[in-house]
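Breakdown of the fold
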Amino acid sequence: LLLLIPAVYLFFAEFQDFKLGERLLASFFQSTTPRTAGFNSVDLNAMTQAGQVILAILMLIGGSPGGTAGGMKTTTLAVMVANARAVFTRSDEAHVFKRRIPDEAIKNAATIAMMYIVLCVLSALFVSRVEDCTFVEAAFETASAVGTVGLTLGITPGLHTSSKLILSALMFLGRVGGLTII
């Protein structure tokens with residue numbers, strides 16, 4: 001779903017001027033790369049703010065445990081979704097594949113998700129306030145830093161030292177990982 005849903009959105013909303021085959025490839029490539037390698041095949045500045053936010057969300061989610069991708073991890077998101085489903089269905093416990101998720105795992109996942117979101121948003125607020133950029137541009141850069149992705153809208157080289165230090169700190173925290181910090 002993390003590959004398919006963003007790819008469908010990008011296909012229909014972002015790459016209208018591409019030929020059909022290029023549009024399909026660009027959509028799938030750009031839905032994959034924010035969670036893994038951070039490669040870029042399109043002009044990210046030409047995307048709408050909605051598209052940039054989707055990529056930032058993917059960067060925050062990141063890859064799966066055991067890989068080199070950063071972010072809060074797909075398992076953290078899966079636990080959060082399972083817990084939300086349990087709340088919505090008024091179930092006493094969260095389950096995935098007929099296995100109960102321990103309360104401690106839910107608490108850890110919620111804490112890690114909150115940590116990544118707060119780090120990204122507060123840092124983006126600071127950067128957008130100090131720099132001459134929009135909040136979405138700053139959030140994209142901070143999500144890329146904390147997710148250790150490497151994608152950029154090209155504003156990082158022109159940032160003040162304080163903003164670069166924040167991005168560097170986010171890269172360090174993102175590389176160490178949320179569970180290690182906790």
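This one's a predicted model, so the numbers in the text were calculated from it and none came from an experiment.

Here we take up the nonpolar core. Generally speaking, a soluble globular protein has its nonpolar side chains buried in company with each other. Core analysis: the largest hydrophobic core is formed by 34 residues, its most contacted members being Leu44, Met59, Tyr116 and Phe140. The element best represented in this core is helix α5 (residues 103–130), accounting for seven residues. Look past the residues within four positions of phenylalanine 140 in its chain and what remains in contact with it is Leu44, Gln52, Leu55, Ala56, Met59, Leu151, Thr152 and Leu153.

Moving on: a nonpolar patch on the surface. Together, Met114, Ile117, Val118, Val121, Leu122, Leu125 and Phe135 line one region of the surface with nonpolar side chains, adding up to about 600 Å² of accessible area. Looking at the nonpolar patch element by element, the count peaks at six residues for α5. The exposure class of isoleucine 117 is partly exposed, given its relative accessible area of 40%.

The subject of this paragraph is helix α6 (residues 135–146). With 12 residues, α6 should cover 16 Å at 1.5 Å per step; its first-to-last C-alpha distance of 16 Å lies within 8% of that length. When you tally the buried positions in α6, you get 10 out of 12 residues, the bulk of the element. Within α6, the full set of buried residues consists of Val136, Ala138, Ala139, Phe140, Glu141, Thr142, Ala143, Ser144, Ala145 and Val146. Downstream of α6 by one or two residues, threonine 148 has phi in the positive range, about 50 degrees.

For arginine 23, the position within the fold is in helix α2 (residues 20–32). With no salt bridge to any partner, buried arginine 23 finds its closest opposite charge in aspartate 17, at an N-O distance of 7.8 Å. Setting aside anything within four residues of it in sequence, one finds arginine 23 in contact with Phe11, Phe12, Phe15, Gln16 and Phe18.

Here a disulfide denotes one covalent bond, and it connects the sulfur atoms of two cysteines. Applying the stated criterion across every chain, the model contains zero disulfides. Cysteine 120 takes part in no disulfide bond, and the closest cysteine sulfur, belonging to cysteine 133, lies 12 Å away.

Now for the packing of helix α1 (residues 4–13) against α2. Taken N-terminus to C-terminus, the directions of α1 and α2 make an angle of 140 degrees; their axes are 8 Å apart at the nearest point. When the interaxial angle is binned, α1 and α2 end up oblique. Handedness of the crossing formed by α1 with α2: right-handed. The segment α1 lies against α2, with Leu4, Pro6, Ala7, Leu10, Phe11 and Phe12 engaging Leu20, Arg23, Leu24, Ser27, Phe28, Gln30 and Ser31.

What counts, and at which threshold
- Residues numbered from 1 in each chain as written.
- Predicted model: local features only at pLDDT ≥ 70, side-chain atom pairs only at ≥ 80, totals over all residues.
- Heavy atoms only, no water.
- Core = buried A, V, L, I, M, F, W, Y, C linked by side-chain atoms within 4.5 Å.
- Buried < 20%, exposed > 50% of the residue type's maximum accessible area, 1.4 Å probe, protein only.
- Helix = DSSP H or I, 4+ residues; strand = E, 2+ residues; numbered from the N terminus.
- Contact = heavy atoms within 4.5 Å.
- Patch = residues over 30% accessible without salt bridge, like charges linked within 9 Å, V, L, I, M, F, W, Y side chains within 5 Å.
- Areas by Shrake-Rupley, 256 points an atom, 1.4 Å probe, with all protein chains shown as cover.
- Salt bridge = Lys/Arg side-chain N within 4 Å of Asp/Glu carboxyl O.
- Expected span 1.5 Å × (residues − 1).
- Lys, Arg positive; Asp, Glu negative; His and termini not counted.
- Disulfide = S-S within 2.5 Å.
- Axes fitted to C-alpha atoms, helices over the stretch in contact; angles between N-to-C directions.
- Parallel < 35°, antiparallel > 145°, perpendicular 65-115°, else oblique.
- Left-handed = near helix turned anticlockwise from the far one by under 90°.

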